[in-house]
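Commentary on secondary and tertiary structure
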Amino acid sequence: MALQACRSLIALAPTALLSLYPLPALAQTTASREPIKLGAVISATGAIAGVGLPEREGILLAQKTLNARGGVNGQPIEILIEDDASSPDVAVSKVNALVHSHKVKALIGTSGIAQTVAVGGITAPLKLTQIAFSGLGPAVERERTCVFHITPSQELNARALLSYVRDMKASKVGVLHDSGYGQVVWNSMKDLAGEFGVTWSQVEKFEIAATDLTTQAAKVRASAPEAVIVISTSPMPFRNARQVRLTAPIISVHGTATYDYVKAMGDAADNIIHAEFLIAEDPLPHQREFVDLFQKEHGRLPKHFEAAGWDAVMSLAQALKTAGPDAANEALCSAMRRPYQGVMAKFDFSAPDMGGLTLASFNYSKLVKGKFTRLDYSAAK
Amino acid sequence: MNKLRRSLLLLLLVLAWALAPLLLSRHLIDLFVFAGLFTIGGLGVGLLLGQCGIVNLAQALFYGIGAYSSAYVTVQLGLPSLTGFLAGMLASALIAIAVGWPVLRLTGFFLALATLALSLIGNVLFFEWDWLTGGTLGIGGIPKLSIFGFAFDTPERVYYLVWPIAILVLLLADNLVRGRPGLAMRAMRDAAPAAEVLGVDMHRLKTAMFVICAMLGSLAGSLFAHYVSYISVQSFTVERSIAFLLIPVVAGSASVWGIIAGALFVTFIPELLSGFGDIHQVLFGLALVLVVTLLPDGLIGGADRLAQLLKRRMA
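Residues numbered from 1 in each chain as written. Chains lettered and ligands numbered in written order. Predicted model: local features only at pLDDT ≥ 70, side-chain atom pairs only at ≥ 80, totals over all residues. Heavy atoms only, no water.

1. Here's the deal with the pairing of strand E10 (residues 273–276) of chain A
All names here are of chain A. Across the two faces of E10 the burial is the same, with Ile273 and Ala275 and His274 and Glu276 all buried. Relative to E10, strand E9 (residues 250–252) is paired through two bridges, and the arrangement is parallel. Its bridge partner being in E10, Ser252 is matched across the sheet by His274. Note that the unit made of E9, helix H11 (residues 259–265) and E10 has a crossover that is right-handed. Relative to strand E13 (residues 363–368), E10 runs antiparallel, the two sharing four bridges. Each residue of the ladder has a partner; that of Ile273, found in E13, is Lys366. (Buried < 20%, exposed > 50% of the residue type's maximum accessible area, 1.4 Å probe, protein only. Helix = DSSP H or I, 4+ residues; strand = E, 2+ residues; numbered from the N terminus. Pairing = 2+ DSSP bridges. Right-handed = clockwise from strand over helix to strand, strands pointing away.)

2. Quick notes on the domain arrangement of chain A
How big an interface is tends to be stated in terms of the accessible area lost upon association of its parts. Residue and element names in this part refer to chain A. Here the domain parsing of chain A yields domain 1 (23–152 + 286–358) and domain 2 (154–277 + 362–374). For domain 1 and domain 2, the distance between their C-alpha centroids amounts to 29 Å. The partner domain 2 presents 15 residues to the 14 residues of domain 1 that form the contact. Regarding the contact of domain 1 and domain 2, the summed buried area is about 1300 Å², with carbon and sulfur atoms giving 62% of it. When the buried area of domain 1 at its contact with domain 2 is split by residue, Pro152, Lys303 and His304 rank highest and sum to 46% of it. Here Glu276 and Lys303 are joined by a salt bridge, their closest N and O atoms 2.9 Å apart. Between the two partners, domain 1 and domain 2, sit three residue pairs in polar contact (both at pLDDT 80 or more). (Domains from an automatic or database assignment. Contact = heavy atoms within 4.5 Å. Buried area = accessible area lost by both parts, 1.4 Å probe. Salt bridge = Lys/Arg side-chain N within 4 Å of Asp/Glu carboxyl O. Polar contact = N/O pair within 3.5 Å; in protein donor to acceptor, adjacent residues only side chain to side chain.)

3. Examining the sheet that holds strand E14 (residues 371–374) of chain A
Each strand in a sheet pairs with another by means of backbone hydrogen bonds, the pair being arranged parallel or else antiparallel. Residues and elements named next belong to chain A. Read from one edge to the other, the open sheet built from seven strands follows the order E7-E6-E8-E9-E10-E13-E14, with strand pairing classed as mixed. Only two strands of the sheet have a single partner each, and these edge strands are strand E7 (199–206) and E14. Between one strand axis and the next, the sheet turns through 25° on average, direction left out of account. Packing of helix H9 (residues 214–222) onto the sheet brings it into contact with strand E6 (172–178), E7 and strand E8 (227–231), and relative to E7 it is tilted by some 175°. (Axes fitted to C-alpha atoms, helices over the stretch in contact; angles between N-to-C directions.)

4. Description of the packing of aromatic side chains
Residues and elements named next belong to chain B. Tallied over the entire structure, the rule returns 30 aromatic pairs over all chains. Ring centres of Trp17 and Tyr160 lie 5.4 Å apart, and the angle between their planes is 90°; this geometry places the pair in the edge-to-face category. Here Trp17, found in helix H1 (residues 2–23), pairs with Tyr160, found in helix H7 (residues 155–178); they are 143 residues apart in sequence, far enough to count as distant. Ring centres of Phe126 and Phe236 lie 5.9 Å apart, and the angle between their planes is 70°; on these two criteria the pair is classed as edge-to-face. Of this pair, Phe126 sits in helix H5 (residues 108–128) while Phe236 sits in the loop between helix H10 (202–228) and helix H11 (238–251), and the two are 110 residues apart along the sequence. Across the pair, exposure class does not vary: Phe126 and Phe236 are buried alike. Ring-pair connections join several aromatic residues into one group, and the members of that group are Phe34, Phe38, Tyr63, Tyr68, Phe126, Phe224, Tyr227, Phe236 and Phe244. (Phe/Tyr/Trp six-rings, centres within 6.5 Å; stacked < 30°, edge-to-face > 60°.)

5. Some words on the packing of helix H2 (residues 26–52) of chain B against helix H8 (residues 180–190) of chain B
All names here are of chain B. The geometry of H2 relative to H8 is characterised by a closest axis approach of 7 Å and an angle of 60° between their N-to-C directions. Taken together, H2 and H8 sit at an angle that is classed as oblique. Contacts between H2 and H8 pair Gly50, Gln51 and Cys52 from the former with Met185, Arg186, Met188 and Arg189 from the latter. The residue inventory of the contact of H2 with H8, partitioned by class, reads three nonpolar, two polar and two charged. (Parallel < 35°, antiparallel > 145°, perpendicular 65-115°, else oblique. Nonpolar A, V, L, I, M, F, W, Y, C, P; charged D, E, K, R; others polar.)

6. Overview of the pairing of E8(A)
Residue and element names in this part refer to chain A. When you tally the buried positions in E8, you get five out of five residues, the bulk of the element. Burial along E8 is two-sided: the residues Ala227, Ile229 and Ile231 and Val228 and Val230 are all buried. Direction of pairing for E6 relative to E8: parallel, over a ladder of five bridges. Counted as the bridge partner of Val173 is Ala227 from E8.

7. What about the packing of H2(B) against H11(B)?
All names here are of chain B. One can describe the packing of H2 onto H11 by two numbers: an axis separation of 8 Å at closest approach and a directional angle of 70°. Here H2 lies roughly perpendicular to H11, going by the angle between them. Here H2 and H11 pass one another in a crossing that is right-handed. Residue-level contacts link Phe38, Gly41, Gly42, Val45, Gly46 and Leu49 of H2 to Arg240, Phe244, Leu245, Ile247, Pro248 and Val249 of H11. Along the lines of polarity and charge, the residues of the contact of H2 with H11 split into eight nonpolar, three polar and one charged. (Left-handed = near helix turned anticlockwise from the far one by under 90°.)

In structure tokens, the structure reads:
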């Protein structure tokens with residue numbers, strides 16, 4: 001009876017899976033003569049597919065562009081892209097295959113903090129160059145000097161948000177954060193209140209998969225904040241904040257500064273301020289080429305996750321040019337340790353956090369009718 | 001003759017198992033290690049499903065308890081690995097008794113939903129208690145398992161550790177199922193009122209099996225933590241519980257040794273299908289449907305039928 005019930009449930013699996021299935025992406029590699037093999041592990045399915053899919057688009061565009069321009073010292077690159085299904089266990093398995101079976105020269109990815117920390121256990125002892133899409137995480141990552149980080153650490157994210165709040169002269173701040181990524185940023189943010197001259201009017205945490213946060217949003221509103229910081233990987237807090245007529249300015253992290261999130265937020269997206277990197281509607285001079293190429297390829301504007309994919313490949317290509325395609329792991333890792341002007345920002349991979357992003361790296365935008373508009377503000381002022 | 005053939009087949013299997021790390025790529029060995037871990041964890045779920053008729057969707061909770069116990073005991077407290085294994089299994093057993101005693105009074109779908117709720121609660125607690133579990137950031141730097149100074153620090157070494165443990169627990173489970181408790185379990189599964197009349201203390205038996213299942217989950221979790229050296233809440237979600245349940249369902253739930261086939265299926269098939277790109281999860285769903293539709297007795301039942309068919313043809 002129980003077994004029969006299980007079988008009936010499994011019979012429903014394809015429908016459920018199809019409903020969760022993100023838009024398909026095309027196959028990954030370009031076959032050319034004697035290519036330099038690179039590996040990439042991103043989250044194309046699962047909980048953080050919204051991050052992994054744009055990263056893959058950036059990687060593929062960079063590969064295509066680089067090879068069209070003659071590759072690395074005349075040698076094309078081939079990037080073997082694997083999906084870790086947003087799971088650190090799968091990521092470990094995929095990286096083992098890329099490193100030990102395919103003998104890749106370097107690794108791009110992974111998309112999430114947990115995956116990066118997990119696979120760092122494989123790449124770090126080998127001194128294999130890894131360019132992660134997550135910021136510097138737990139203490140163990142400080143010792144992994146060949147794992148470079150292309151997005152900001154959680155503390156830098158927190159500082160970028162608080163700088164804006166301080167400079168808009170808000171002192172009473174409400175916070176809505178989820179129990180996953182939001183908790184990680186909040187852990188870095190909570191002790192910075194004194195330094196930035198703010199007090200927390202109300203801090204509300206919600207479960208990561210919560211679909212209704214009206215109660216939490218109402219509590220934040222009742223505390224009469226002058227600004228509200230939302231840290232989440234869900235559009236729900238933004239919708240609920242507007243539903244309870246929370247009129248204080250909402251400031252959020254770069255993770256939600258994507259067109260998919262904006263679409264999911266609906267009307268609630270208007271006036272949300274993001275501390276982010278690429279405002280494709282009004283790109284900075286060093287971002288224009290990438291924005292044009294991406295728009296030509298995909299017929300839409302990119303955001304920073306696509307740019308991160310591009311920057312990972314291009315910075316690695318530069319290091320390969322310097323060290324040579326046959327360089328040993330340690331030599332390639334050393335060649336990476338230098339400043340690099342990317343699309344997303346200017347990196348310094350020799351910095352103690354293996355990324356070198358600073359407050360000056362952030363651009364600030366405000367959402368107006370679904371479009372990101374650049375704010376005349378810099379946290380580094 | 002049959003006995004000789006069986007012995008030869010067994011010998012060949014043991015030989016293949018022993019030589020595998022020398023012949024296969026590191027990636028495949030890595031997958032075999034995970035299959036071994038899933039065999040241990042899936043066996044608990046298989047015993048409950050196949051022998052007692054209980055759908056358990058809470059195995060990820062105990063898998064997580066084992067993993068976090070080992071991580072906490074070795075990383076935070078600096079105690080030997082064995083302490084982590086024991087702490088995890090003890091904690092899992094106690095929780096299984098405390099939760100199982102009231103919950104196992106339920107039957108059918110209600111019991112399945114109750115175990116699903118347990119898994120969800122466990123996952124939320126793993127997230128929320130970040131002072132203990134590290135939350136999203138997880139716990140890194142878990143030392144490789146070391147026994148009498150011998151470190152299990154490569155997939156090949158862990159392979160030679162995990163599979164003997166898996167075979168040992170399968171032997172113990174097989175012994176259990178063939179004995180009086182197994183008879184009582186099957187009676188409880190197939191004719192509960194009759195079993196009760198015959199004096200089977202069903203509630204006690206169910207709870208005991210739930211505790212065994214939890215301890216096996218914990219053992220698998222501890223081994224997993226030491227193998228990957230890093231754990232985070234993403235490894236202990238409801239999806240993991242479903243994967244554990246799939247193992248006996250795909251294998252044929254009544255078969256103890258079939259658990260190996262189920263574990264190999266849930267480990268290797270997604271990997272094989274990943275070559276098809278993002279559609280791999282859909283294809284895996286279709287593969288599952290094909291297995292349960294075409295092989296109602298699971299992979300083991302299907303293999304049996306095929307063997308019988310071949311035998312008839314040859315005769």
